[in-house]
Amino acid sequence: MSIPVALQLYTLREETEKDFVGTLKAVADMGYQAVEFAGYGGIEAKEMKKVLNDLGLSAPSSHVPIELLLTQLEEQIQYSLEIGTKYIVCPYLDAGTYLQGKQNLKNTLSSLQKIALKCKENGLQFAYHNHDFEFEKWDGKYYLDHIFQSIDEDLLVAELDLFWVKKGGLDPIQYLSSLKNRCPIIHVKDMTNDDRKTFTEVGHGIIDYPSIFEMAEQIGIKYYVVEQDVCERPPLESVKMSIDYLKSIGIA
């Protein structure tokens, strides 16, 4: 069974700001099967659903900032349900505000648990997306492990960003294996082969994606999401290079 390839629209944030629907069309024309939202450009859910249907795109997941999860969760859930999203993803936690210090971490884990329960009550799955700072240790464990070990796996799953795993000093394949059956989505993002170790197009860097794709079904991955935080060429060109590489190896 082939695993769908989505694009995280944060990569094209400048393009969506100018023309949201036109950008979605360009993404579909390149061969992406799905998109992961990072905001909806002020488009109502009913209209967004029609646009997705017309373009033949699905939207398995949405990144929703923690501030909105804490203050507008009901609205975010309803939007997700209307457009057919399965996963609501917390994309980022400011480490100083939410993770560092015993009480901060305890409060954050309690908040994530409540959000996850509310998602589950509405038939959605809550997920957490990492950066590299969650691989700092507190009380002998990575912050990311504190998060996943404190909340049941039926409530909180991982959207593992493999670039940030490597940036955090870990082996992406090894850490991904530790989350077997708890990581339905991975962020497919590559790293330059130079001293900068910064973002590059998939297949043009040093992360061993062919090996990751080989083990994907065994791990339980259901979606690949291409993302490139910063592009050194026009972002539309970068995301096309990534999907073209994935097509060349039979993934897309």
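Residues numbered from 1 in each chain as written. Predicted model: local features only at pLDDT ≥ 70, side-chain atom pairs only at ≥ 80, totals over all residues. Heavy atoms only, no water.

Enquirer: I would appreciate a short explanation of the overall build of the protein in the present structure.
Expert: When its secondary structure is counted, the protein shows 12 helices and 12 strands. Its C-alpha atoms give the protein principal-axis dimensions of roughly 45 × 45 × 35 Å. Relative to its 252 residues, the protein shows a buried fraction of 53%. In the protein, 75% of the contacts between residues at least 6 apart in sequence involve partners at least 24 apart. (Helix = DSSP H or I, 4+ residues; strand = E, 2+ residues; numbered from the N terminus. Buried < 20%, exposed > 50% of the residue type's maximum accessible area, 1.4 Å probe, protein only. Contact = heavy atoms within 4.5 Å.)

Enquirer: How do you make sense of helix 8 (residues 143-150) when you look at a structure like this?
Expert: With 6 of its 8 residues buried, helix 8 lies for the most part within the structure. Among the residues of helix 8, those classed as buried are Y143, L144, D145, H146, I147 and F148.

Enquirer: Can you walk me through the pattern of salt bridges in this structure?
Expert: Inspection of every chain in the model, using the stated rule, returns 13 salt bridges. Salt bridges sharing common partners tie together D161, K189, E227 and D229. (Salt bridge = Lys/Arg side-chain N within 4 Å of Asp/Glu carboxyl O.)

Enquirer: When you look at the environment of K118 in this model, what are you seeing that I'm missing?
Expert: With respect to the element layout, K118 can be found in helix 7 (residues 102-121). C-alpha of K118 to C-alpha of L73: the two residues are 45 residues apart in sequence and 8.3 Å apart in space.

Enquirer: Would you mind showing me how to read the sheet that holds strand 3 (residues 58-63) here?
Expert: For sheets, the rule is that strands pair by backbone hydrogen bonds, running either parallel or antiparallel. Around the barrel, which closes on itself, the 8 strands sit in the order 1-2-3-4-5-8-9-12 with parallel pairing between neighbours. Each strand of the sheet is rotated relative to its neighbour by a mean of 30 degrees, with strand direction disregarded. In this sheet, strand 3 lies alongside strand 2 (residues 34-37) in parallel orientation, the contact comprising 3 bridges. The partner of A34 across the bridge, within strand 3, is S58. Along the sheet face, helix 8 touches strand 5 (125-129) and strand 8 (156-161) and points at about 155 degrees away from the line of strand 8. (Pairing = 2+ DSSP bridges. Axes fitted to C-alpha atoms, helices over the stretch in contact; angles between N-to-C directions.)

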